[in-house]
Amino acid sequence: MGNSYAGQLRTRRFEEVLHNSIEASLRSNSLAPRPIFSQLYLEAEQQLSALEGGSRVDNEEEEEEGEGGLEPSCPPNPYQMHPPPEGCCTTDELILKSPTSRGFCQAGKDLRLVSVSSEPIDVPTGFLLVGAKSPSLPDHLLVCAVDKRFLPDDNGHNALLGFSGNCVGCGKKGFCYFTEFSSHINLKLTTQPKKQKHLKYYLVRNAQGALTKGPLICWRGSESRGRPSTTGTGSGSLFPPLDSSGPQAASSSEPTPGTSPGVPMGVQHAGPVSDHPSQTAATGPAVFNGKDSPKTQQLVKNKLPAMPRPSALGVVSNSGPPKKRHKGWSPESPSATDGGYSQGGGNRAKYESTGTSCMPQVGLAGPASVTFPVVASGEPVSVPDNLMKICKAKPVIFKGHGNFPYLCGNLNDVVVSPLLYTCYQNSQSVSRAYEQHGACAAQPISQEMQLLLTVYYLVQLAADQVPLMEDLEQIFLRSWRESHLTETRQPQQAPPQPFPPAPGAVAQVTSAQLPWLAGLAASSCNDSVHIIECTHSLAEGLSEMFRLLVEGKLAKTNYVVIICACRSPAIDSCIAVTGKYQARILSESLLTPAEYQKEVNYALLTGKVDSLGAFFSSLCPEGDIDVLLDKFHQENQGHISSSLTASSVTKSASLDVGGAPTCTSYGLEPHHVRPFQLAVAQKLLSHVCSIADSSTQNLDLGSFEKVDFLICIPPSEVTYQQTLFHVWHSGVLLELGLEKEHVTKQRVEQYVLKLDAEAQTKFKSFLQNSFQNPHTLFVLIHDHAHWDLVSGAVHNLCSQSDLSVGLVDRLLNCREVKEAPNIVTLHVTSFPYALQTQHTLISPYNEIHWPASYSSGVDLYPENKKYFGLSEFIESTLSGHSLPLLRYDSSFEAMVTALGKRFPRLHSAVIRTFVLVQHYAAAMMAVSGLSQMKSYTSVETLEITQNLINSPKQCPCGHGLMVLLRVPCSPLAAVAYERLAHVRARLALDRHFEIILGDPSSSITVGKHFVKQLKMWQKIEEAEWRPQTYLELEGLPCILIFSGMDPHGESLPRSLRYCDLRLINSSCLVRTALEQELGLAAYFVSTEAPLEKGVPNEALESDAEKLSSTDNEDEELATEGSTSEKRSRSHDSACSPPSSKASSKSAGSALCGESSAQPGGPSQREQARSPQPCSPSDESRVPGDKQRLRASQRPPVISRHSPGLAPQPDYGLKTSQRSVQVPVTSSSSQLSSSGSSSSSTVPSASTVILQASHCSMTRACQQPPIVFLPKLVYDMVTSTDSSGLPKAASLLPSHSVMWASSFRPLLSKTMTSTEQSLYYRQWTVPRPSHMDYGDRAEGRGDSFHPRRLLLSGPPQIGKTGAYLQFLSILSRMLIRLTEVDVYDEEEINIDLEEESDWQYLHHGDPWPDLELFRKLPFDYLIHDPKYEDASLICSHHQGVKRQDRANPRKPEELYVRRQTSRMRLSKYAAYNTYHHCEQCHQYMGFHPRYQLYESTLHAFAFSYSMLGEEIQLHFIIPKSKEHHFVFSQPGGQLESMRLPLVTDKSHEYIKSPTFTPTTGRHEHGLFNLYHAMDGASHLHVLVVKEYEMAIYKKYWPNHIMLVLPSIFNSAGVGAAHFLIKELSSHNLELERSRQEELGIKPQDIWPFIVISDDSCVMWNVVDVDCGGDRSREFSWSERNVSLKYIMQHIEASPNITHYALIGMRKWSSKTGSREVRKPFSRCHVHDFIILNVDLTQNVQYNQNRFLCDDVDFNLRVHSAGLLLCRFNRFSVMKKQMAVGGHRSLHITSKVSDHPVAVVPAQYICAPDSKHPFLAAPAQLLLEKFLQQHSHRFFPLSLRNHGHPVLLVDCYLNLGSQISVCYVSSRPHSLNISCSDFMFSGLLLYLCDSFVGASFLKKFHFLKGATLCVICQDRNSLRQTVVRLELEDEWQFRLRDEFQTANAKEDLTGRHI
């Protein structure tokens, strides 16, 4: 790379560097100035720097010159130019030494090898003669004597640093510096001399004693750059075949540009393009040469010396000796390792934008592909008539700066493109982009500088490289960035001066200097770039160029740069590409797909291709191939049952009859959802839910009852049938309830829409359907969504004839779809890039990417199959993998290139197709016995054909393999089909394999014989069955010719073995198109077989195998089908046959033994590419092998020289080595066998055992197909950039988008799919033809469509299955949304209930009869199942009936183990905040027409004597609810809550206000009673704690809130109930006094309130049908009713005011007639109670309680003599909730930072102990402790139900194993008779003054009974003990005193 002043260079202004470089070039003796941009701007590829330890080899051309003896000796032209204009570097220092000094030392002695080879040379001991290379004498070696200590050994190591050498010419000795020595021998370097670069070869004496060039000196630098270690041969023999251009050029020493198969070719056609001329930014695909593979570099380097091009600007200053070079380059500077091209040419981005450069602009395209410029001036220029005939290619003219003249005449032979102009414009805008990013304003690059940089760029392009606009953009960007950063940096620091002061100021290049500087730059490139300077206008320059072209004077010129600098200050310029190779690629890449098709059709229709056929015939030694075929056909007609034809035919016939042999490898896979698909479906579902949950109200999931869908797919019949098949077999239609049982295929067709001409009708009915069913959620799935993104507007502009243009946009983006609230659109694609632009409709939050299978090394979704996609294919090409799955065919490429020159008017696609068809035809003939045809095919094609024809013979059923031949152009596909079918017929192979033409528009056609086979294999009875998808061709030996410009998502069967993509359009190189083609081969590999886990494990085979190429003597002996040694050597890498397969080890162990590494042959990297996965066909060449291998379950190890030593598995089948070649059939090629790990070396004698294992299907499941690519594509796919990202990923993402700016970062390998999406969203914009183009017209940023999602995942990975699964779980979720889990438990303690004799007169009584009801005994037993763990309450008649109860549940299991049932929500359900529907929007306060409800805060105070203080409550009352309250007139103070009258009979409203205490359930609480109340007016108050007020108000803005005082923030539900009741009592008094003034009696005010749990979801009623008045028989049914119905029924009860508490049953599915036989019960009521505030005025809830407060209150109410009535015919369903409520009560330690659960035993502690305090209320600790540990206090009571514990005035749960007896101490209270009871304990809880010593003396206790006294504090405890005279009867010990572990105390005593 010249002097690496990288560090300093970057700190200087660009122009200064330029001037200094030119000056240095002038001073140097060499005529090769180094291009400035190489040194400064091309990106440094870091890949190989690691290998080189950071030190790069400089000036790679010099390093390579002369290496292969391939370069012509073309000394550079001397300067032919005008004297320099003023202002340039002065020329008085320009000294050109006489050329004679080259090759001579300073003393004038000749050093050239040719001169001194026969002269005796004195070589001192320890010195060696070496040959040095001089860049100025590419054809000569200079002889030097060098001390061998300073030279490396054979491994490139151990060379001492420094130098010691002698001159063999003049004899001068003792040169200690190579710099000094190189100067002495006149190497004429422009870079710092370096021994590694210039000392090239050892010199040796031959047999005649003459000195000759010997082996290459093995410097480490060169080795590490990918050269194979060569020991005995010179590098001239490296890859000789690669540098040939096919048969014609094999011996030519002059490299023909572009013919090297080893070098990536240019782009061969353009992809789809913008339809608008305005859209000309860096378009098109960025195509890379991808030359980071060491092999490619090597090949490329061999080419370079054809023209001694500059590589970097050598700036050798006169101010002293050169400085030490830098190690490596800074990131911005160019890398020295760009594969032997100088930097700019770096293969690095050869194609980065050929496409880019070449995207045509339809608006500019004339009829004959001539693109007219936008601006033209002056006289027209005439294009010569026979230009193309003379040039052999269409010149491509790129308009540059200024005006461009008109062209006239033969316009068909020239192409004009504005892309370069666009590139210049873009780079002018780079500075503006920087300004937007906050940098200060800076000058853009001048036009002159742009043009000069362009010239430098063109100068260093290799002969086989194509210019790229993206390259230029990067160069301009870096150039500008350098100068700009330098300007901003200069004020801070004065950088060191690496250059002498430039003559004059560093000024901009002027237009006057430009032609001269450009000429200077181009002078070194052997006329590859020709500069034409015009004086008046570009027209004269163009005319001059045409003249030179016609005269043949530009034969070696690839680029002509025309400059007209007369128009000061501006310049006019254009650049013409005249090189045959470059012009062909660029002109073809400028064609639109339509033009491409047109050109191909034209070639076919006009018979132009006949000349190709004639050419092929001339190659065939025996005349026309068809003559040979006819001859073969006549000879073989009589005996078709030859060894070749018999096998598969007879096999299948025999199967028909006997059916005996069967193959176990065959079987279509059952459909099941894989873990990945389920994970993706769940991700999709969660995204849909998040749309619904967002506050935007864009999707109301709650309003949908079912799911419907429509899948839109591209117009491919196979994809259509495939999708129908998936939908049919997934069962999704049944699951969604869209179809009943036995779905027919016709019914399925309604749900899949093929986007063709008929699509609109079907789509309209879909829209109509969605409009008519607002409660159905329609999912519109757009599969293969990257296809057809053309805007509907384009369709409107075009003629109406083509309906398909813009169809997707017109249907899926129509207003109806966008606005329908019940349509969700899901785009599904493997290539989402075109949907990720700045204007996309899809929010980044609505993108779902297929998850990675591994995260941090953990297999996230274990599956028994491994997906093999693009990255895995690329990985298989890396070293260490023995079986690369991606390959290319160099001999094919060579032939194509050669023919391209011979037939310039034929499109490359035509040539490639004809060559490939010819290869296949020749291969079929060779396999059929015409062995002379082997020379007319390539090794790859021969391998494919052999395996195709032979595979059915290996399987008892005749299963074979599929070969996919991709021919994108349909007419060419038809030609290929006809030709191959013809050859197959003449060779009598009709029944061996099928040839299928796969056209998107038509269905599959398969011959009857093969259909019969398929039906037999798949056990299909149906007579009319025909395969309709490629998947149904499983196991059929066939060539599938797959046409169509794009694949449309067709899946291929597992029997696909070869994916031949050699014909894919190379100019399709945009990321989408490339990945789409490669996606055809994507595959699932079975990971179950431990034997062969796909490719990676096959690397275990020995090196001998890797190196075995087909060059060996046994080859011809072993098999006829092999190509000759000479032939196989004539290919590179991939051609060393991939054919290598299983039989290489079976049939060819001798091959493995004898073949040895060929040093001059393919490198190991290439070798690694050649052995290939065992193709199904050969697996059975020796049947025993595979079986033995399977049995041994280990990969074979193959010994190179002793095949017999291969491991003998314990299979017991051993044979002699002599049998090695026996089983090989004459037709199966040894080629197809050079080594793979699939079968063992030693063949087995047995051929019967496990026959199925030879079936190609067996292997197919375990190994992906092999893919053949065009060399250009292969190089691009397999090479990576500096970050390790495959270069293909950096291409323009799609034809329909373009880069937003050339100022953009590069993609990085570490980016996730999400980050890539964000990158494309930032840096790409749609073209005007893209459907998203107009979407930001309004300038709004919020233009994402809310109901649109994008699912992306690799091709063939199972996205269809994932979205069908998504539909299923979405449907289940909608049903689930309409379902709830409700508690479904049987009532407890039913068996303890004693049947009373008392009975109602009528079972059907609607209301209780008060008089009868009073006589009903109270049932003390708790029947609510939630109290299963509560203490049993004994009443007088229960005695000792029950001795024990079931084992109690652990408290933590209480929630988990409670039984629930899933119930569908009825229309009368209560809802939580997630429910949205039109009817209750207003009720909820979210209606868009209304403001968010304003509410006001009102304080409400009342005094309560028991608390001894005034209670202050706060009401939050929305404006809409103020009518329920009374406010004082002047001040608006809240006075009371309005209450209705008992006598009101209105059915419009519910009289009782409903209070719902709640905590922790602001989202989940069921407070939306709109539907439950059936729309009736009602008063509903939420009772919340102060700290939760804000969150509840946010979620329920239209609800009245009652906010408890802050002292109750940590209180339990008892406090809420207590305050609700006290407030209601106080309010009743206020309302009575208020309404008394209005003349209403106090007793007429409605006294009831409802206290409801926040989890009551639905209400039911039992309808009873009584057979007669007193009949025992009656039937009943239960139905769901509204709460309004129940409340109005209860409120209408006669004498209702006489009941204190009214409740209802808890629903259970297990309810029996026993429970509903009695319509009413007098028992406990829970959950939903109607409370008479008036009657219960003197009965209070216990405000301290957390648990069982309702049981406690029920007992108090009953003991006060009041009536509790349960309506048994009504039931309430309670929803199971996992959040809030009592579950929000956590007991944790106050001390610990991390809350840790505390066990209940720690809830109490001894007083004054150092026990850790707990962060929980004392009361909660007490209740929880007693529930868990009461047996410690009451040991006698344990399971002793005849002797309960006596509870006074309070029910506490002591656990299920202890029974209790409740008594009230109040006078006149109702208590059970306790005279029969002997109690086992007494519990006094905060007892008040009603409890006295005399009261307690009424009760009898067992001896040893326990007393537990609970008081607020120690003091009151002492007082209570004294007041109740407890010490008389009980003994106390101080150690029995405890306190709750927060502060409170209690005390236990023992009865004496």
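Residues numbered from 1 in each chain as written. Predicted model: local features only at pLDDT ≥ 70, side-chain atom pairs only at ≥ 80, totals over all residues. Heavy atoms only, no water.

Enquirer: For this particular structure, what's the right way to read a positive patch on the surface?
Expert: A cluster of basic side chains, namely K389, K392, K580 and R902, defines a positive patch on the protein surface. Of note, R902 is situated in helix α32 (residues 890-902). (Patch = residues over 30% accessible without salt bridge, like charges linked within 9 Å, V, L, I, M, F, W, Y side chains within 5 Å. Areas by Shrake-Rupley, 256 points an atom, 1.4 Å probe, with all protein chains shown as cover. Salt bridge = Lys/Arg side-chain N within 4 Å of Asp/Glu carboxyl O. Lys, Arg positive; Asp, Glu negative; His and termini not counted. Charge placed at Lys NZ, Arg CZ, Asp CG, Glu CD. Helix = DSSP H or I, 4+ residues; strand = E, 2+ residues; numbered from the N terminus.)

Enquirer: Please clarify how the pairing of strand β11 (residues 559-564) should be interpreted in this entry.
Expert: Each regular strand shows side chains that alternate between the opposite faces of the sheet. Buried residues dominate β11, accounting for six of its six residues. What you see with β11 is no split at all: Y559, V561 and I563 on one side and V560, I562 and C564 on the other are buried throughout. Looking at chain direction, strand β10 (residues 529-534) and β11 are connected through six bridges and run parallel. Residue I532 lies in a different strand from β11, and its bridge partner there is I562. Examined bridge by bridge, β11 and strand β12 (residues 572-577) share six bridges and lie antiparallel to one another. If you follow C564 over to β12, its bridge partner there is D572. (Buried < 20%, exposed > 50% of the residue type's maximum accessible area, 1.4 Å probe, protein only. Pairing = 2+ DSSP bridges.)

Enquirer: Sorry, what's going on with the environment of F778 here?
Expert: By the element assignment, F778 lies in strand β15 (residues 776-783). Placed 74 residues apart in sequence, F778 and F704 show a C-alpha to C-alpha distance of 9.6 Å. What F778 contacts, discounting residues up to four positions off in sequence, is D708, F766, N769, S770, N773, N822, I823 and V824. (Contact = heavy atoms within 4.5 Å.)

Enquirer: How do you make sense of helix α19 (residues 593-605) when you look at a structure like this?
Expert: An α-helical segment advances 3.6 residues per turn. Residues three or four places apart therefore align on the same side. An ideal rise of 1.5 Å per residue puts 18 Å on 13 residues; α19 measures up with 18 Å between its terminal C-alpha atoms. E595, Y596, V600 and A603 are the residues of α19 that are buried. End-on, the buried residues of α19 take up no more than an arc of 135°, which puts them together on one face. In this structure, α19 carries A594, K598 and L605 as exposed residues pointing more than 90 degrees from its buried face. (Expected span 1.5 Å × (residues − 1). Arc of directions from axis to C-beta.)

Enquirer: Help me out: how do you make sense of the pairing of strand β43 (residues 1701-1706) in this one?
Expert: Across the six residues that make up β43, a large majority, six, are buried. Taken together, the two bridges between β43 and strand β45 (residues 1728-1732) define a ladder with antiparallel strand orientation. The residue of β45 that forms the bridge with L1701 is L1731. Pairing analysis gives six bridges linking β43 to strand β46 (residues 1764-1774), with the strands arranged parallel. Paired with K1706 across the strands is V1772, a residue of β46.

Enquirer: Would you mind going over the pattern of salt bridges with me for this structure?
Expert: Pairing of side chains with opposite charge becomes possible as their charged atoms draw close. Overall, the coordinates contain 47 salt bridges when judged by the stated rule. Two residues, R112 and D110, come together in a salt bridge whose shortest N-O distance is 3.1 Å. The residue R547 makes a salt bridge to E551 at a minimum N-O spacing of 3.0 Å. Of the residues examined, E551 reaches a relative accessible area of 40% and is grouped as partly exposed.

Enquirer: Help me understand the environment of W1299 in this model?
Expert: Turning to its location among the elements, W1299 is positioned in strand β28 (residues 1297-1299). Between the alpha carbons of W1299 and T1324 there is a distance of 4.5 Å; along the sequence they are 25 residues apart.

Enquirer: I tried to follow the packing of helix α24 (residues 717-730) against helix α49 (residues 1359-1377) on my own but got confused; where do I start?
Expert: Two quantities define a packed helix pair, namely the angle between the helix axes and the distance between the axes. At their nearest, the axes of α24 and α49 sit 11 Å apart, and the two run at 45° to each other. Considering the angle they form, α24 stands oblique to α49. Handedness of the α24/α49 crossing: right-handed. For the pair formed by α24 and α49, the contact residues are T723, H726, V727 and S730 on the first element and T1360, Y1363 and L1364 on the second. Among the residues forming the contact of α24 with α49, the class breakdown is three nonpolar, four polar and no charged. (Axes fitted to C-alpha atoms, helices over the stretch in contact; angles between N-to-C directions. Parallel < 35°, antiparallel > 145°, perpendicular 65-115°, else oblique. Left-handed = near helix turned anticlockwise from the far one by under 90°. Nonpolar A, V, L, I, M, F, W, Y, C, P; charged D, E, K, R; others polar.)

Enquirer: In this structure, what is going on with the sheet that holds β11? I would like to understand it.
Expert: Hydrogen bonding along the main chain pairs the strands of a sheet, whether they run parallel or antiparallel. Taken in spatial order, the five strands make up an open sheet running β9-β7-β12-β11-β10, and their pairing is mixed. The open sheet is flanked by β9 (415-417) and β10, the only strands paired with a single partner. Ignoring strand direction, the axes of neighbouring strands in this sheet form an average angle of 20°. Bridge analysis of strand β7 (residues 396-399) against β9 gives three bridges, and the strand direction is parallel. Along β9, the bridge assignment pairs I397 with V416. Across the sheet, helix α12 (residues 419-428) lies against β7, β9 and β12, angled at about 30° from β7, the strand it touches most.

Enquirer: Would you mind going over the nonpolar core with me for this structure?
Expert: One broad trend across soluble globular proteins is that nonpolar side chains are buried collectively. Grouped together as the largest cluster of nonpolar side chains are 110 residues, with contacts concentrated most on L886, L899, V910, M925, L1036, I1041 and V1267. Element by element, the count of residues in this core is highest for helix α33 (residues 908-927), at 15 residues. Residues F1555, I1651, L1884 and V1909 belong to the second largest nonpolar core, which totals 106 residues. (Core = buried A, V, L, I, M, F, W, Y, C linked by side-chain atoms within 4.5 Å.)

Enquirer: Mind showing me how you'd approach the packing of aromatic side chains here?
Expert: The description of an aromatic ring pair uses the distance of the two centres, along with the angle that the planes make with each other. On inspection of all chains with the given rule, the structure shows 41 aromatic pairs. Here F1500 and F1515 contribute two aromatic rings whose centre-to-centre distance is 6.1 Å and whose plane-to-plane angle is 75°, an arrangement assigned as edge-to-face. You can see F1500 sitting in strand β33 (residues 1495-1504) and its partner F1515 sitting in strand β34 (residues 1509-1518), a full 15 residues away along the chain. Given the relative accessible area of 3%, F1515 is considered buried. (Phe/Tyr/Trp six-rings, centres within 6.5 Å; stacked < 30°, edge-to-face > 60°.)

Shape descriptors only; they carry no functional weight alone.
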